[in-house]
Amino acid sequence: MLDTLKPIPPDAILGIMVLYRADQAPNKVDLSVGVYQDEAGRTPVLECVKRAEGEVYSAEDSKTYVGIAGNPGFNRGIEELLFGSGHPALADGRVATVQTPGGSGGLSVAAHLMHRANPDTRVWLSKPSWPNHLPLLRLAGLRLEHYPYYDQRAKRVDFEAMADAVGRIGSGDSVLIHGCCHNPCGADLSQAQWQALADLCERHGVVPFIDFAYQGLAEGLEDDAYGVRLMAERLPEVVIVASCSKNFGLYRERVGAVCVVSPDRERNLRVASNLSNIARGIYSMPPDHGAAIVARILSDAGLKALWMEELEEMRLRLNGLRTLLADKLAERGTSTDFSFVANERGMFSFLGISREQVIRLREEFHVYLVESSRINVAGINQRNVDYVADAIAAVLQA
Ligand SMILES: Cc1ncc(COP(=O)(O)O)c(C=O)c1O
């Protein structure tokens, strides 16, 4: 049986990681990683997580399964973060939430739900999008299409082209939108663009599918939820997937959720039972530890305030590094205007340089980024920013 399997080439980003680890240069810089890093290059455990973890640990008296839908306190906390309190969809009892193993688990459960509802469902992904969207959604049987999103030359969202494509999506199909901090391009929708998109989805019966993996890391917890809240107010059906990997720094604990908004309570109950049934069929029960930590943080005023402070610190660091790098590149008089890096949000941006220039950065300057020229701005710090700016300016010159 196993003879029929063909080898799958390793993930390109993992390949760069291997090269980076093998590089002995003391001045090497890794801008390829997919996780947040602090000034010292660490991906720390947040203090609020440490404290909540201690409390969870000492209160825990059993390792029996949590329910299929996960920790109810976690699910309530996530709903409130996503929708804000008093949102009509929540008040009307039209939101079904299931705790999932990370945002990836949420995407998978959501994809299976859409496929179960209609095996012909097509989902449109932004061009570009997070590469893992493809296998996650395809494995559920969904048919995937693409809509234009990022204009690589103008370094901005090509909203006209996006709107034109969404306007041609058929009723009942779905458009996957990054809630904020677009991965990989960092270019987010403005509030006016969210409104225009809500109009289009409403007019054409398109179901918004929002991947919300970075709440709190663009403009702040509330502002980042603008699109999610608007869509859930305007559209009868919305699928939202949240991740606590980045904003709680809980990557390996695998904490996320899928929240589905339905037109009425009766359909909400049907959706909830299907979500649980799908989760049961994929992994049976979600892991507990990370969700218990998040539930603890969100239900304790002191811990929540500490989390919000720590999240704000990460957000301000990312945005500060964006401005710093753009300024350093401007000082070097590069032929390319990099001010877009300061305007984009989240961890990722495309530098917009060629594959050859990316390779030169790696081979001559020990600066590692993925071949698409995507950088993780969190890999920059006060010690390496001048070196990185010099290296980019050098490869642009020759
Ligand atoms: C756009 C996007 N969606 C979802 C995820 C899922 O993250 P996780 O499964 O670690 O929660 C990520 C992680 O990098 C992401 O960038």
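This text goes with the structure placed above it.
Residues numbered from 1 in each chain as written. Predicted model: local features only at pLDDT ≥ 70, side-chain atom pairs only at ≥ 80, totals over all residues. Heavy atoms only, no water.

(A) Seen up close, the nonpolar core. In terms of nonpolar packing, the biggest core is built from 101 residues, with M231, I240 and W307 touching the most fellow members. Counting residues per element, this core draws most heavily on helix 13 (residues 301–331), which supplies nine residues. Of the residues that make up this core, three or more belong to each of domain 1 (10–43 + 304–397) and domain 2 (65–299). Apart from residues no more than four positions distant in its own chain, W307 is found in contact with L46, C48, L81, L221, N247, F248, I297 and L298. By size, the runner-up hydrophobic cluster in this structure holds 26 residues, among which are L144, L275, I278 and A279. (Core = buried A, V, L, I, M, F, W, Y, C linked by side-chain atoms within 4.5 Å. Buried < 20%, exposed > 50% of the residue type's maximum accessible area, 1.4 Å probe, protein only. Helix = DSSP H or I, 4+ residues; strand = E, 2+ residues; numbered from the N terminus. Domains from an automatic or database assignment. Contact = heavy atoms within 4.5 Å.)

(B) Layout of the site of the ligand. Neighbouring residues of the ligand: G102, G103, S104, W130, N183, D211, A213, Y214, S243, S245, K246 and R254. Within the contact set of the ligand, an oxygen atom lies 2.6 Å away from a side-chain nitrogen or oxygen of S104. Within the contact set of the ligand, an oxygen atom lies 2.8 Å away from a side-chain nitrogen or oxygen of K246. About the coverage of the ligand: the protein hides 92% of its 400 Å² of free accessible area. Per-element accounting of the shell around the ligand gives the leading share, three residues, to helix 5 (residues 102–117). The class makeup of the residues in the shell around the ligand is three nonpolar, six polar and three charged. (Near = heavy atom within 4 Å. Polar contact = N/O pair within 3.5 Å; in protein donor to acceptor, adjacent residues only side chain to side chain. Areas by Shrake-Rupley, 256 points an atom, 1.4 Å probe, with all protein chains shown as cover. Nonpolar A, V, L, I, M, F, W, Y, C, P; charged D, E, K, R; others polar.)

(C) Representation of helix 16 (residues 385–397). Here helix 16 spans 18 Å end to end across 13 residues, near enough to the 18 Å set by a 1.5 Å rise per residue. Of the positions making up helix 16, those classed as buried are V385, V388, A389, A391, I392, A393, V395 and L396. Those residues of helix 16 hidden inside the fold are in contact with strand 1 (29–30), helix 13, helix 15 (355–365) and strand 12 (367–368). (Expected span 1.5 Å × (residues − 1).)

(D) Local environment of the side chain of N71. Residue placement: N71 occurs in the loop between helix 2 (47–59) and helix 3 (72–83). What makes N71 buried here is its relative accessible area of 16%. Contacts of N71, omitting those with residues within four sequence positions, involve Q99, A291, A292 and A295.

(E) Inspection of the environment of L369 at higher detail. By secondary structure assignment, the location of L369 is in the loop between strand 12 and strand 13 (374–376). Considering only alpha carbons, one finds L369 and I13, 356 residues apart in sequence, at a separation of 8.6 Å. L369 has contacts with I16, L31, S32, L351, V358, L361, R374 and I375, leaving out every residue within four places of it along the chain.

Nothing here speaks to function; it is geometry throughout.
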